[in-house]
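Structural overview
So the chains spell out like this:
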Amino acid sequence: MDTIYEVLEEIDSSSQRAMLATIIHVEGSAYRKEGTSMLVKGDGAQIGVLSAGCLEEDILARKDSVLARGSTKVVYDMRNSDEISWGEGSGCNGKIEILLEPLDDIFLKQLKMLGSQLAKGKEVLMGKKIDVEEQRAECFFLTDDDVVFGDWDIDRHIDSLKELRDKASKEGLKSGKQLSLDPLTEVYFQYFQPKPRLFIFGAGPDAVPLASFADQSGFTVTVADWRPALCTKERFPEAVNLMTGFPEDLLQQITFTPKDSVILMTHNFHKDKEILSHVKDKPLRYLGVLGSQSRTSRLLEKKDVPSFIHSPIGLDIGAEGPEQIALSVAAELVKVVKKTPGHEKVST
């Protein structure tokens with residue numbers, strides 16, 4: 001979902017000098033929106049994309065200059081129809097402003113701190129003061145529990161920034177665009193959220209492609225099952241957590257949050273019933289039960305299935321077989337997440 005996770009994983013495993021390219025402003029249509037980042041390593045390797053391939057070559061050509069001289073902004077205006085410019089030949093029809101920054105020691109340390117905060121489940125507001133003439137961009141990071149780090153002293157703005165952070169969290173504001181804290185300061189804001197968590201109860205054959213698709217779609221996946229022979233890293237290499245045990249024990253170990261998603265697919269009526277009775281009253285982002293609605297009604301002791309329980313699960317695409325069903329479920333998960341807070345532009 002969010003390219004920042006790919007970037008953070010890469011900088012943790014690479015010692016190369018690198019450049020970070022981030023879309024900070026879009027007018028009109030574009031392949032990706034504000035907040036999308038791409039890492040360009042010293043050897044030219046790219047992590048993430050900013051377009052459908054129309055801008056990457058030009059951005060790559062700027063890497064050596066940015067690493068030598070410092071941050072810069074570049075604007076690609078694709079609203080012209082001239083095929084030899086950034087026009088219709090690019091497949092887009094908007095104006096895109098991109099910030100190019102070298103990953104120096106200071107910025108690298110800040111990004112690693114950002115990664116550690118996200119790994120703890122924290123939400124983080126970032127503000128970046130852009131000074132192209134000085135070829136640098138000072139920034140701050142403010143977590144949802146008031147941890148502040150970065151190289152920009154924001155003491156005199158802290159109250160208004162906390163208000164913006166709280167607004168972003170409550171009203172569904174994720175990434176930002178250029179704003180101003182005062183008339184002389186141009187600032188780019190971005191709101192980072194931890195990866196959404198998905199708990200899959202059941203490690204049968206149909207759970208294998210679902211875990212894979214969910215991981216590729218940006219979820220942190222946990223697979224839980226009472227059968228150790230099925231719940232293995234070999235079968236679920238993408239899962240961050242594997243839990244083995246009977247539902248009564250497993251459910252005692254998990255603290256669910258309103259941003260979590262849960263899918264029941266144990267293929268065992270009694271275990272599904274036990275799990276559903278525990279989670280149905282939790283304020284989850286998504287709760288899905290594999291099988292027909294009549295089966296789910298029986299799991300609920302022949303009560304009507306509430307609208308917040310997805311049953312049958314998945315978008316109606318006529319899916320057949322484990323892979324297609326997993327694809328439909330992953331698509332439904334993404335649809336639900338995109339409709340919940342955290343996916344609009346920051347504004348003041």
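Located above this text is the structure these notes cover.
None of these values were measured; they are calculated from a predicted model.

Glancing now at the pairing of strand β12 (residues 220-225). Where burial is concerned, most of β12 is hidden: six out of the six residues are buried. In β12, alternate side chains face the same way, and those of Thr220, Thr222 and Ala224 on one face and Val221, Val223 and Asp225 on the other are all buried. By the bridge criterion, five bridges tie strand β11 (residues 197-201) to β12 in an arrangement that is parallel. Directly across from Arg197, in β12, lies its bridge partner Thr220. Handedness of the β-α-β unit built from β11, helix α6 (residues 207-216) and β12 comes out right-handed. Both β12 and strand β13 (residues 241-244) contribute to a ladder of four bridges, which runs parallel. By the bridge assignment for β13, Val223 is matched with Leu242.

So, on to the pattern of salt bridges. Enumeration according to the criterion identifies 17 salt bridges in this entry. Salt-bridge contacts for Asp225 lead to Arg227; the nearest nitrogen and oxygen are separated by 2.8 Å. In this structure, Lys280 and Asp281 form a salt bridge, with 3.3 Å as the shortest nitrogen-oxygen distance. When salt bridges with common partners are traced through the structure, they connect Asp146, Lys162, Arg165 and Asp166 into a single cluster.

You can see Glu10 is positioned in helix α1 (residues 4-13). Judged by its relative accessible area of 17%, Glu10 falls in the buried class. Considered as a pair, Glu10 and Lys41 are 31 residues apart in the sequence and their alpha carbons are 9.5 Å apart. Sequence-distant contacts of Glu10, that is, excluding residues within four places in its chain, are made with Leu39, Lys41 and Ile47.

Two aromatic rings, taken as a pair, are described by how far apart their centres are and by the angle between their planes. Taken as a whole, this structure holds four aromatic pairs when the rule is applied. When the centroid spacing of 4.8 Å and the interplanar angle of 5 degrees are considered together, the rings of Phe141 and Phe149 count as stacked. Over the ring of Trp226 we find Arg227, and its NZ or CZ is 4.1 Å from the ring centre. The residue whose ring lies beneath Lys271 is Trp226, and the NZ or CZ to ring-centre distance is 4.5 Å.

A few words on the pairing of β11. Side-chain direction in a regular strand flips from residue to residue, so the side chains alternate between the two faces of the sheet. Taken across its five residues, β11 has four buried, putting it largely inside the fold. As defined by bridge partners, β11 adjoins strand β14 (residues 261-264) across four bridges and the pair is classed as parallel. Following the sheet pairing, Leu198 is matched in β14 by Ser261.

Now for the packing of α1 against helix α4 (residues 105-119). Taken N-terminus to C-terminus, the directions of α1 and α4 make an angle of 115 degrees; their axes are 10 Å apart at the nearest point. Here α1 runs over α4; the crossing is left-handed. Only Leu108, Leu111, Lys112, Leu114, Gly115 and Leu118 of α4 make contact with α1, whose side of the interface consists of Ile4, Tyr5, Leu8, Ile11 and Asp12. Its residues placed into classes, the contact of α1 with α4 shows eight nonpolar, one polar and two charged.

Okay, the nonpolar core next. Leu39, Leu103, Leu111 and Leu114 are the most contacted members of the largest nonpolar core, which has 24 residues in total. For this core, the secondary-structure elements that each account for two or more residues are α1, β1 (18-29), α4, β6 (124-131), β7 (136-143) and β10 (185-192). Here this core gets five residues from one element, more than from any other, and that element is α1. When residues no more than four places from it in sequence are discounted, the contact partners of Leu103 are Ile11, Ala18, Leu20, Leu39, Leu108 and Leu111. If you look at the next biggest cluster of nonpolar residues, it comprises 22 residues, including Leu198, Leu210, Phe219 and Tyr286.

Rules behind the numbers
Residues numbered from 1 in each chain as written. Predicted model: local features only at pLDDT ≥ 70, side-chain atom pairs only at ≥ 80, totals over all residues. Heavy atoms only, no water. Buried < 20%, exposed > 50% of the residue type's maximum accessible area, 1.4 Å probe, protein only. Helix = DSSP H or I, 4+ residues; strand = E, 2+ residues; numbered from the N terminus. Pairing = 2+ DSSP bridges. Right-handed = clockwise from strand over helix to strand, strands pointing away. Salt bridge = Lys/Arg side-chain N within 4 Å of Asp/Glu carboxyl O. Contact = heavy atoms within 4.5 Å. Phe/Tyr/Trp six-rings, centres within 6.5 Å; stacked < 30°, edge-to-face > 60°. Lys NZ or Arg CZ within 6 Å of the ring centre and 35° of its normal. Axes fitted to C-alpha atoms, helices over the stretch in contact; angles between N-to-C directions. Left-handed = near helix turned anticlockwise from the far one by under 90°. Nonpolar A, V, L, I, M, F, W, Y, C, P; charged D, E, K, R; others polar. Core = buried A, V, L, I, M, F, W, Y, C linked by side-chain atoms within 4.5 Å.

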